[in-house]
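Residues per chain, in single letters:
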Amino acid sequence: MATGAAAHDVTEGDAGYIQEIWGVHLVPFLYLGAKHMVTGYDHILFLAGVVFFLYRMKEVWLYVSLFALGHSTTMLLGVWFGWGVNSYIVDAVIGLSVVYKALDNLGAYQRWFGVQPDTRAATLIFGFVHGTGLASKILAYRIAPDGLLPNLLAFNAGVEIGQLMALAVILIVMGFWRRAPNFMAQAYTANVVMMSMGFILMGYQITGYFVA
């Protein structure tokens, strides 16, 4: 039985807080943004997939920056201009982004089609999708127009702080894991699991769309 799209959801208590406050509240929105990122398993799954085979910090920062640029742009613009998208649909596409990245890590596109998609462009595009999902959820809670821009900027700054926290944990774990002699064999299994989780997210959201 499918319920609300949980990956991009705002908890009931946080939603009530968002609906009740009026004016500029930078610190609370900074906290809410960071909380959303570190508890958003779809974000973390995609981020883990992006950095899975990146060994140089220069490349890590490039791809993470592209992802941040994408989801920051659509989150801010989406809320500011009221560009809402059905949450089930956008979260299903976010599940697809996890599937896409896992298949990319497995080298599936080169084997199947003989081509390698532009991973930088894909990271940016899926960043746009992730931001749209978050914007749709924020819009559903009718955030007060008074102080909207500074609150959104604070929320977005919190999201980036949360992303850096999640990234630090991922890189530390990956750093130790890559030293294992059987890392490549385990990496294959890990990406198959990641792909399966993406399909589960997609199925959950698609089912929710039709049930709702």
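Rules of the game
- Each residue is numbered by its place in its chain's sequence as written, counting from 1.
- Reporting of local features is limited, given that this is a predicted model, to residues whose pLDDT is at least 70; pairs of side-chain atoms are given and counted only at 80 or more, and all residues count toward the totals for whole chains, interfaces and linings.
- Values shown for side chains rest on all heavy atoms present in the structure; no hydrogens or waters enter the calculation.
- Secondary structure elements are defined from DSSP: runs of H or I of at least 4 residues count as helices, runs of E of at least 2 residues count as strands, and each element is numbered from the N terminus.
- For the radius of gyration, the atoms used are the C-alpha atoms, and the globule rule reads 2.2 Å times the number of residues raised to 0.38.
- Using a 1.4 Å probe on the protein chains alone, a residue whose accessible area is under 20% of its type maximum counts as buried, one over 50% counts as exposed, and one in between counts as partly exposed.
- By definition, no residue in a patch forms a salt bridge, and every one has over 30% relative accessible area; like charges are joined within 9 Å, nonpolar side chains (Val, Leu, Ile, Met, Phe, Trp, Tyr) within 5 Å.
- Every accessible area reported is derived by Shrake-Rupley at a probe size of 1.4 Å, with residue values counting cover from the shown protein chains alone.
- When a carboxyl oxygen of Asp or Glu lies within 4 Å of a side-chain nitrogen of Lys or Arg, that pair is called a salt bridge.
- By the convention used here, residues are in contact when the closest approach between their heavy atoms is within 4.5 Å.
- Axis lines are fitted to C-alpha atoms, over the contacting stretch for helices. Their N-to-C directions set the angle, which ranges from 0 to 180 degrees.
- Each residue gets one label: Ala, Val, Leu, Ile, Met, Phe, Trp, Tyr, Cys and Pro are nonpolar, Asp, Glu, Lys and Arg are charged, and the others, such as Gly, are polar.
- Residue count minus one, scaled by 1.5 Å, sets the expected span of a helix.
- Any N or O atom pair separated by 3.5 Å or less is treated as a polar contact, with the protein-specific requirement of one donor-capable and one acceptor-capable atom, and with residues adjacent in sequence counted only for side-chain atom pairs.
- The rule is short: rings of Phe, Tyr and Trp, with Trp giving its six-membered ring, pair when the centres are within 6.5 Å, and they are stacked under 30 degrees, edge-to-face over 60, tilted in between.

**A closer look at the overall build of the chain**
Inference 1: When you go through the chain residue by residue, the secondary structure sums to nine helices and zero strands.
Inference 2: Along the chain, helices (α) and strands (β) appear in the sequence α-α-α-α-α-α-α-α-α when read from the amino end.
Inference 3: Here the C-alpha radius of gyration of the chain, 18 Å, is about what a compact globule of 212 residues would show, namely 17 Å.
Inference 4: Its C-alpha atoms give the chain principal-axis dimensions of about 55 × 40 × 25 Å.
Inference 5: Among the 212 residues that make up the chain, the fraction classed as buried is 50%.

**Here we look at a nonpolar patch on the surface**
Inference 1: A surface patch of nonpolar side chains, amounting to about 640 Å² of accessible area, comprises Leu 77, Trp 80, Phe 81, Trp 83, Leu 149 and Leu 153.
Inference 2: Going through the elements one at a time, α4 (57-81) and α8 (148-177) are the ones with two or more residues in the nonpolar patch.
Inference 3: When residues in the nonpolar patch are grouped by element, the largest group, three residues, is from α4.
Inference 4: Note that Leu 149 resides in helix α8.

**Overview of the side chain of Thr 119**
Inference 1: Tracing the backbone through its elements, the reader meets Thr 119 in helix α7 (residues 119-140).
Inference 2: Not counting residues up to four positions away in its chain, the partners in contact with Thr 119 are Tyr 63, Lys 101 and Asp 104.

**Focus on the packing of helix α2 (residues 26-39) against helix α3 (residues 41-51)**
Inference 1: At their nearest, the axes of α2 and α3 sit 5 Å apart, and the two run at 65 degrees to each other. For the pair α2 and α3, the contacting residues are His 36, Met 37, Val 38 and Thr 39 in the first and Tyr 41, His 43 and Ile 44 in the second.
Inference 2: Across the contact of α2 with α3, the residue classes break down as four nonpolar, three polar and no charged.

**Section: helix α5 (residues 87-105)**
Inference 1: The end-to-end C-alpha separation of α5 is 27 Å, in line with the 27 Å expected for 19 residues at 1.5 Å each.
Inference 2: When you tally the buried positions in α5, you get 16 out of 19 residues, the bulk of the element.
Inference 3: Regarding α5, its N-cap is Asn 86, as a side-chain oxygen of that residue lies 2.9 Å from the backbone nitrogen of Tyr 88 further along.
Inference 4: Positive backbone phi, at 70 degrees, marks Gly 107, one or two positions downstream of α5.

**Focus on the packing of aromatic side chains**
Inference 1: Enumeration according to the criterion identifies twelve aromatic pairs in this entry.
Inference 2: Seen from their ring centres, Tyr 100 and Phe 126 are 5.4 Å apart, and the 45 degrees between their planes marks the pair as tilted. Placement of the pair is Tyr 100 in helix α5 and Phe 126 in helix α7, with a sequence separation of 26 residues. Exposure class is identical for Tyr 100 and Phe 126. Each is buried.
Inference 3: Between Trp 112 and Phe 113 the ring centres are 6.2 Å apart and the planes differ by 90 degrees, which places this aromatic pair in the edge-to-face class. There is no split in this pair, since Trp 112 and Phe 113 are both exposed.
Inference 4: An aromatic cluster is present here, built from Phe 46, Phe 67, Tyr 100, Tyr 109 and Phe 126 joined pairwise through their rings.

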